Amino acid sequence: MIELFINAVVAGVLLGGFYAAVALGLSIVFGRLDIVNIAHPAFVIIGSYMAFYVNENFGLDPIVTSFLFLPVFFLLGIGMYRFYYICFERTGQESLSGLAYFFGIMFIIEVLIILVYGVDYRNVQAPYIGYSLWINDWIPLGGFRVSLPYRMLVPFAVAAVVTGGVYLYLSKTYLGRAILAVSQDRVALQLMGANPIKVKQWAFGIAIATAAIAGALLIVIHPVEPSVGRLYIGRVFAIVILGGMGSISGTFFAALMIGIAETLISTFIGPSWAPAAAYGILLVTLAVRPQGLFGRA
Amino acid sequence: MKLNKFWFIIAAVFLIGIAFTMVADNEFYFYATYAVMQLMIMGIAWNILGGFTGYVNFGSGGFFAAGAYTTVFLHRAFDAPPLLIAVLVAPMVCGLIGLGVGYFTLRLKGVYFAIATLAVAIILETIVVNWEFVGGAGGYYLLIPENVVFFDSYIEWLFVLILAITLIAIIVSRYLNSSKIGQGLAAIRDDELAAESMGVPTLKLKLISTTVMGGLMGAAGAPFPYFITFVEPASAFNLLVAVMAIAVPMIGGTASWIGPVIGGLLLGTIQETVTVNISSELNLLIVGVVLVGFISLAPQGITGLYQDFMRKRRKGND
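Residues numbered from 1 in each chain as written. Chains lettered and ligands numbered in written order. Predicted model: local features only at pLDDT ≥ 70, side-chain atom pairs only at ≥ 80, totals over all residues. Heavy atoms only, no water.

A short note on the overall build of chain B
The criterion, for reference: Here a strand is any run of E in DSSP of at least two residues, a helix any run of H or I of at least four, and the numbering for each starts at the N terminus. With C-alpha atoms as the basis for the radius of gyration, the globule rule is written as 2.2 Å multiplied by the number of residues raised to the power 0.38. Burial classification: accessible surface area is computed with a 1.4 Å probe over protein chains only, and a residue below 20% of its type maximum counts as buried, one above 50% as exposed, and the rest as partly exposed.
Within chain B one finds 15 helices and two strands. Over its C-alpha trace chain B gives a radius of gyration of 20 Å, about what one expects of a compact globule, namely 20 Å for 318 residues. If one aligns the C-alpha atoms of chain B with their principal axes, the spans along those axes are about 60 × 45 × 40 Å. Here chain B holds 318 residues, and the buried ones make up 52% of them.

Laid out in C-alpha cells, this is it:
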C-alpha cells in the first residue's frame, strides 16, 4: 500500500513535469498576452507527429528532432499571431470571435492529421524507452521498490530544463522583460517607444516553439492519435490558472500538483476517473480562488 | 402583419413536413434532413447564450449528450417508454444542468466561462463512462420499436419529431430575441457592467439564457439514440458537436434568431452533400475551414453580409 502510494507520487511528479512542458506555451500566451490559444494542445500534437515522421524515416531521436524544428514552430507561431492580430485584436473582436477562431484552428489541425495519418496510434523508437531506473538499487528505501521509467524520466528532465530556460529568458533578458511589460501595461510600453505588437509576436513564437518540444515528449511517454490533444485542453488551462496566470514557476508547481492528483486517482480509484481530476480542480479553483494558488490577489 | 406571416410560415413548414412523410419513400431523405435539423437546433441553442448574451460555450457536446443519455436512462429504467416522454424529460434535465452550470460559472467572465463549460462537458463524460447502468464506455444499444402509429417507418416519426423540436426552438429563440428579455441579453453582451448599473437583472437573465440553451441542446440530443440506435460516450460527447454548434451561428450570423436557421440550412446541406459524395473526413475539414473563414473574414455572418449589401445598395440609389 505504502509502496503503491510512493510509486504513484513519484510517477505523478514525472507526469507533472511533462504537463509543465505542455502548459508552458499557454502560460506565456494566455497568462501574459491574454490570448486564449485553445489550439495549443493541437500544436503539441503536430510536434508529436513531426517527431514520429522523422523517427520513422530517419531514426532520429524524437527529442533531438523537436529541438531541430524549433525555428519552424517559432515562425508558425509568429504567422499565427500576425493573422490573429489582423483579424481580431486590431478590430477589438478577440473575445467571442478569437475564441471561436482558435477552436476552429484546433479542429482543422486535428482533421488534417487524420487525413494524412489516419486515426491509428503512432509511437516512436528510442533507446531509453522500455527501461526503468530502480531507486532502491541506489538508495536503500527500507525494502520498498520505487521505479523511475526512463520513458517518463527523460521527458521530465527535458521539461524541467526547458521550463528553467524559459523562466530565465523571461526574467533576465531584455526581450523577456519586454514580454512581461506588455502583459502589465501595454500603453506604457508603447510610450517607452517599444512596439507591443512585435513583442507579442515574439512571445507567441516562443510559446508555439515550446509546443514542438512538448509534442516530442508526449510521443515518448505514450502513443499518440490525432484527438489526444483534446484531453490536454482542460489540463493545461487548469495548470495555467492554478499556477497564477503567467507565472512560470507557478505553472511548474501547478503541473506537478495535477500530475500527482491524476496518478493518485488512477492508482486508487481507477484510470477512467483520472481525466476528470484536472477539470474538477479547475472548476473548484475558478469558483474559490480565480487568481490561482500562486497568483497575485 | 409580420407576426402573422411568421406563424403562417411555421405552420406551413410543419404541414409540408407531414405531407413529405406521406409522399417520399426513400428513407435517405429523412436521415439527411434529420441531420440538418439536429444541426440547426444545436446552432439555435448555442446562439441563445453565445450570440444573444455573448458567453462562449464550448460544452455543447455535454448538454447534447446529457439529452441523449436521458433517453438511454429512461429506456433502461422503465423498459422502453415512448420516445415522446424522453423528448419531454430530456430538456428539463438538461435545462436544470444548464441552470446549475450557469449558477456556478456565470460569475466568471468571458474566457473563464468558456473553459469552465468545457470542463463541465468532460466531467459529465467521465461520469457517463463510469456509469455501467447506461452502458459505460462500451455504449448502449437501443432497439427501434417495430410498430409505429400513423407513420410508415420509425425514421418518419423521428423526422416529424425533430421538425417539431426545430420549429419550437425557432419560436423560443425568436421570442427571446425580440422580447424585453432579448434586449436585456443584448445589453449584457455589449457591456455587462453598464447593464447591471442601469438595473438590468443580469444574473437572472443569464440564468434564463443558460437554462434555455441547455434545454434546447437536450431536446436535440433526446431522439439521437433512436436515430443512430447505438450510443457511446465518445460519439455523444464528441467535440464535433461543440464545433458544429459554434459554426452554425457564426456562419449564419449571431445577432438575430434567423442567423442560425440560415447557417444550419447552409452548413447542414453542404455537409450531407459532401459526406455522401466525397468523404466524411473531408466534410469535417470543410466545416473547420468554413468556420475559420467566416470568423476571420465575415464576423457578422451571412445576415451581416446581407445587411451590408442592402445598406450599400440604398446608398447607391440615393
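Some points on the overall build of chain A
Rules: To measure how exposed things are, a 1.4 Å probe is used in the Shrake-Rupley method; for residues, cover is taken only from the protein chains shown. Charged-residue counts in this description rest on Lys and Arg as positive and Asp and Glu as negative, His and the chain ends being excluded. Charged side chains are reduced to one point each, which is NZ for Lys, CZ for Arg, CG for Asp and CD for Glu.
A tally of regular secondary structure across chain A gives 13 helices and two strands. Relative to a compact globule of 297 residues, whose C-alpha radius of gyration would be 19 Å, chain A shows 19 Å and is just as compact. Referenced to the eigenvectors of the C-alpha coordinate spread, the extents of chain A come out at roughly 65 × 45 × 35 Å. The 297 residues of chain A split such that 56% are buried. When the accessible surface of chain A is summed, it comes to about 12,300 Å², and 67% of that surface belongs to carbon and sulfur atoms. A distance of 11 Å separates the average location of the 15 positive side-chain charges in chain A from that of its 12 negative side-chain charges.

Some points on the interface of chain B and chain A
What counts is decided by this rule: Any two residues whose heavy atoms approach within 4.5 Å are treated as being in contact. Summed over both partners, buried area is the accessible surface (1.4 Å probe) that two parts give up on being assembled. The definition of a polar contact used here is a pair of N or O atoms within 3.5 Å, where within protein one atom must be able to donate a hydrogen and the other to accept one, and adjacent residues in sequence count solely through side-chain atom pairs.
Contact with chain B, which involves 38 residues of that partner, is made by 37 residues of chain A. Between chain B and chain A lies a buried interface of about 3,300 Å² when both sides are counted; carbon and sulfur atoms form 86% of it. It is B:Tyr112, B:Ile115 and B:Leu239 that lose the most area in chain B upon contact with chain A, and together they represent 17% of the buried surface on that side. Here chain B is connected to chain A by one residue pair in polar contact (both at pLDDT 80 or more). Broken down by secondary-structure element, the contributors of at least two residues to the side of chain B that touches chain A are α5 (110-129), α12 (239-252) and α14 (280-297) of chain B. With 13 residues, the single largest contributor to the side of chain B that touches chain A is α5(B).

With respect to helix α7 (residues 150-172) of chain A
Residues and elements named next belong to chain A. Where we set the bar: The span expected for a helix works out to 1.5 Å for each residue beyond the first.
Compared with the 33 Å implied by 1.5 Å per residue over 23 residues, the 32 Å span of α7 between its first and last C-alpha is a close match. Three or more residues of α7 are buried, namely Met152, Pro155, Phe156, Val158, Ala159, Val162, Thr163, Val166 and Leu170. Tucked into the core, α7 has its buried residues touching α1 (2-32), α3 (62-68), β2 (147-149), α8 (174-184), α10 (196-221) and α12 (248-268).

Quick look at the packing of helix α2 (residues 40-58) of chain A against helix α4 (residues 70-89) of chain A
Residues and elements named next belong to chain A. Definition in use: Geometry is summarised by axes, namely lines fitted to C-alpha atoms with helices restricted to the contacting stretch, and by angles between N-to-C directions that run from 0 to 180 degrees. Any angle that falls under 35 degrees is termed roughly parallel, while one over 145 is termed roughly antiparallel, one within 65 to 115 roughly perpendicular, and all others oblique. Here a crossing is taken to be left-handed if its near helix is turned anticlockwise relative to the far helix by less than a right angle, and right-handed if that turn runs clockwise.
Contact geometry for α2 and α4: axes closest at 12 Å, N-to-C directions at 150°. Between α2 and α4, the angle falls in the class roughly antiparallel. Two packed elements cross with a definite hand, and for α2 against α4 that hand is right-handed. Residue-level contacts link Phe43, Ile46, Gly47 and Met50 of α2 to Phe73, Leu76 and Met80 of α4.

Side note on helix α13 (residues 274-288) of chain A
Working note: α-helix, 3.6 residues per turn, so residues spaced by three or four point in the same direction. Along its 15 residues, α13(A) runs 22 Å from first to last C-alpha, staying within 8% of the 21 Å computed at 1.5 Å per residue. The complete set of buried residues in α13(A) reads A:Ala274, A:Ala276, A:Ala277, A:Ala278, A:Tyr279, A:Leu282, A:Thr285 and A:Leu286.

Some thoughts on a nonpolar patch on the surface
Threshold: To count toward a patch, a residue needs a relative accessible area above 30% and no salt bridge. Like charges then connect within 9 Å, nonpolar side chains (Val, Leu, Ile, Met, Phe, Trp, Tyr) within 5 Å. One speaks of a salt bridge when a side-chain nitrogen belonging to Lys or Arg is within 4 Å of a carboxyl oxygen belonging to Asp or Glu.
Nonpolar side chains collect at one region of the surface, where A:Met1, A:Ile2, A:Leu4, A:Phe5, A:Phe268, A:Ile269, A:Trp273 and B:Ile127 lie side by side and expose about 820 Å² of accessible area between them. No other element matches α1(A), which puts three residues into the nonpolar patch. Checked against the element boundaries, B:Ile127 lands in helix α5.

Some thoughts on the packing of aromatic side chains
What counts here: Stacked, edge-to-face and tilted labels apply to pairs of Phe, Tyr and Trp rings (six-membered ring for Trp) whose centres lie within 6.5 Å, assigned for plane angles under 30 degrees, over 60, and everything in between, in that order. Distance and angle both matter: a charge sits over a ring if NZ of Lys or CZ of Arg is within 6 Å of the ring centre and within 35 degrees of the ring normal.
If you walk through the whole model with that rule in mind, you get 36 aromatic pairs over all chains. On the numbers, 5.0 Å between centres and 35° between planes, the contact of A:Tyr49 with A:Tyr117 is tilted. In this pair, A:Tyr49 is assigned in helix α2 and A:Tyr117 in helix α5 (residues 94-117), connecting sequence segments 68 residues apart. Given the relative accessible area of 4%, A:Tyr49 is considered buried. By relative accessible area, A:Tyr117 is classed as partly exposed at 22%. Measuring from centroid to centroid gives 4.9 Å for A:Phe88 and A:Tyr101, while their planes differ by 50°, and the two rings are tilted. Of this pair, A:Phe88 sits in helix α4 while A:Tyr101 is found in helix α5, placing the two residues 13 residues apart along the sequence. Judged by relative accessible area, A:Phe88 falls into the buried class, the value being 0%. Looking at A:Tyr101, the relative accessible area reads 2%, which means it is buried. When the ring centre of B:Phe133 is taken as reference, the NZ or CZ atom of B:Arg76 above it lies at 4.8 Å.

Digging into the pattern of salt bridges
Pairing between side chains becomes possible if they bear opposite charge and their charged atoms approach one another. Tallied over the entire structure, the rule returns five salt bridges over all chains. Here A:Arg235 and A:Glu262 are joined by a salt bridge, their closest N and O atoms 2.7 Å apart. One end of the pair, A:Arg235, is in helix α11 (residues 229-242); the other, A:Glu262, is in helix α12, and 27 residues separate them in sequence. Each member of the pair A:Arg235 and A:Glu262 is classed as buried. Linking B:Arg311 and B:Asp308 is a salt bridge whose minimum nitrogen-to-oxygen distance equals 3.4 Å. On the criterion of helical spacing, the pair formed by B:Arg311 and B:Asp308 is a turn pair, its members being three residues apart in helix α15 (residues 301-317). Its relative accessible area of 46% is what places B:Arg311 among the partly exposed residues. B:Asp308 gets classed as partly exposed once you look at its relative accessible area, which sits at 37%.

Distances and angles like these do not, on their own, reveal function.
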